[in-house]
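Listed below are the residues making up each chain.
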Amino acid sequence: MEMTSVQAAVLREENGAFQIEELQLAAPRELEVLVRIVATGMCHTDAAVRSRDIGTPLPVVVGHEGAGVVLECGSAVSDIR
């Protein structure tokens, strides 16, 4: 499986600092899209994961709000904007 090096803000402990780390990301699966993020923000949901109000397992890369450029699509992706 092809891997790509990426940088991401990783949370490893409750109320810890987000640390920028280099991670390995697999190629998109059939219904996934690879996006080069050029702008992002932290939202209340991200803060709730950090404070453990939302019990997402750690370590975690949070974030679901961003803007970027589509680099690659999985084989079953038929429409992306």
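Structure first, text after, so check above.
What you see is a predicted model, and the numbers here were worked out from it, not measured in a lab.

### Description of the pairing of strand E1 (residues 3-11)
- Across 8 bridges, E1 lies against strand E2 (residues 19-26) in antiparallel orientation. The residue bridging Met3 from the neighbouring strand is Ala26, located in E2.

### A word on the sheet that holds E2
- On the basis of which strands lie adjacent, the open sheet formed by 3 strands has the order E2-E1-E4 and antiparallel pairing. In the strand order of this sheet, the two ends are held by E2 and strand E4 (60-61), each with one partner.
- With 2 bridges joining them, E1 and E4 adopt antiparallel strand pairing. The residue of E4 that forms the bridge with Val10 is Val61.

### Focus on the pattern of salt bridges
- Considering all chains together, one arrives at 2 salt bridges under this definition.
- Arg12 serves as the salt-bridge partner of Glu21, at 2.8 Å between the closest nitrogen and oxygen.
- The salt bridge partner of Arg29 is Glu32, with a shortest N-O separation of 2.8 Å.
- Given a relative accessible area of 59%, Arg29 falls into the exposed group.

Calculation notes
Residues numbered from 1 in each chain as written. Predicted model: local features only at pLDDT ≥ 70, side-chain atom pairs only at ≥ 80, totals over all residues. Heavy atoms only, no water. Pairing = 2+ DSSP bridges. Helix = DSSP H or I, 4+ residues; strand = E, 2+ residues; numbered from the N terminus. Salt bridge = Lys/Arg side-chain N within 4 Å of Asp/Glu carboxyl O. Buried < 20%, exposed > 50% of the residue type's maximum accessible area, 1.4 Å probe, protein only.

It is worth stressing that arrangement in space is one thing and function is another; only the former is reported here.
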